[in-house]
Amino acid sequence: MRDGDRTVELRRALPSDAGAAAGVWLRSFAAALPGVVRPRSDDEVRDHFRHVLIPVRETWVAEAGGGVAGVMVLDGEELDQLYLAPEWRGHGIGDRFVALAKERSPNGLALWTFQVNAPAHRFYERHGFAPVERTDGSGNEEREPDVRYVWRP
């Protein structure tokens with residue numbers, strides 16, 4: 001995909017992407033969810049990408065403009081993470097990540113998002129996900145009410 005003169009490539013994350021991918025996560029979380037308290041420090045987030053997400057889970061990055069513009073983590077049929085650098089929202093990268101996730105998990109996908117994240121609800125519903133469960137947040141690290149979405153082909 002080309003965005004103006006910027007090519008966007010989706011590829012599997014490499015160990016060398018851990019810092020940049022964590023940076024995207026941190027900036028995106030701060031921009032999209034300013035009222036949600038993070039249970040992990042910036043350094044803990046970076047360590048989680050370096051030691052868990054990239055080596056253990058199916059982690060993808062969107063590379064654009066010489067850096068990482070987005071990150072997606074799959075864990076079986078769970079779309080575990082999907083975050084875009086704030087300046088890259090609205091450029092079709094999230095759409096491409098969801099298409100890739102559906103391709104990688106053709107029998108269906110599920111995910112959690114916070115109830116306060118209305119833009120995420122609209123995004124996932126536009127891609128055929130349906131809300132199936134709402135919680136008070138007692139089951140997540142942030143203790144933030146959330147909603148479970150499921151997509152079935």
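Details of the structure are given in the entry above.
Residues numbered from 1 in each chain as written. Predicted model: local features only at pLDDT ≥ 70, side-chain atom pairs only at ≥ 80, totals over all residues. Heavy atoms only, no water.

**Q** Is there a simple way to think about the packing of helix α1 (residues 18-32) against helix α2 (residues 42-56) in this case?
**A** One can describe the packing of α1 onto α2 by two numbers: an axis separation of 9 Å at closest approach and a directional angle of 125°. The pairing of α1 with α2 is recorded here as oblique in orientation. As for the relative orientation of α1 and α2, their crossing is right-handed in sense. Residues A18, A21, A22, W25 and L26 of α1 touch α2, and the partners they reach there are D42, V45, R46, F49, R50 and I54. Looking at the contact of α1 with α2, its residues break down into eight nonpolar, no polar and three charged. (Axes fitted to C-alpha atoms, helices over the stretch in contact; angles between N-to-C directions. Helix = DSSP H or I, 4+ residues; strand = E, 2+ residues; numbered from the N terminus. Parallel < 35°, antiparallel > 145°, perpendicular 65-115°, else oblique. Left-handed = near helix turned anticlockwise from the far one by under 90°. Contact = heavy atoms within 4.5 Å. Nonpolar A, V, L, I, M, F, W, Y, C, P; charged D, E, K, R; others polar.)

**Q** Help me understand the packing of helix α3 (residues 93-104) against helix α4 (residues 118-126), please; the structure alone is not making it clear to me.
**A** Two numbers describe a pair of packed helices, the interaxial angle and the distance between the axes. Remark: α3 packs on α4, axes separated minimally by 11 Å, with the N-to-C direction vectors making an angle of 50°. Viewed along their axes, α3 and α4 adopt a mutual orientation that is oblique. Taken as a pair, α3 and α4 cross one another with a handedness that is right-handed. Across from G94, D95 and V98 in α3, the residues of α4 making contact are F123, Y124 and R126. A breakdown of the residues in the contact of α3 with α4 according to their chemical character gives three nonpolar, one polar and two charged.

**Q** I would appreciate a short explanation of the pairing of strand β6 (residues 109-114) in the present structure.
**A** For a regular strand, side-chain orientation follows a simple rule: the groups alternate between the two sheet faces. Burial runs high along β6: five of the six residues are buried. Of the pairings in the sheet, the one linking β6 to strand β8 (residues 146-151) comprises six bridges and is antiparallel in character. Paired with T113 across the bridge in β8 is V147. (Buried < 20%, exposed > 50% of the residue type's maximum accessible area, 1.4 Å probe, protein only. Pairing = 2+ DSSP bridges.)

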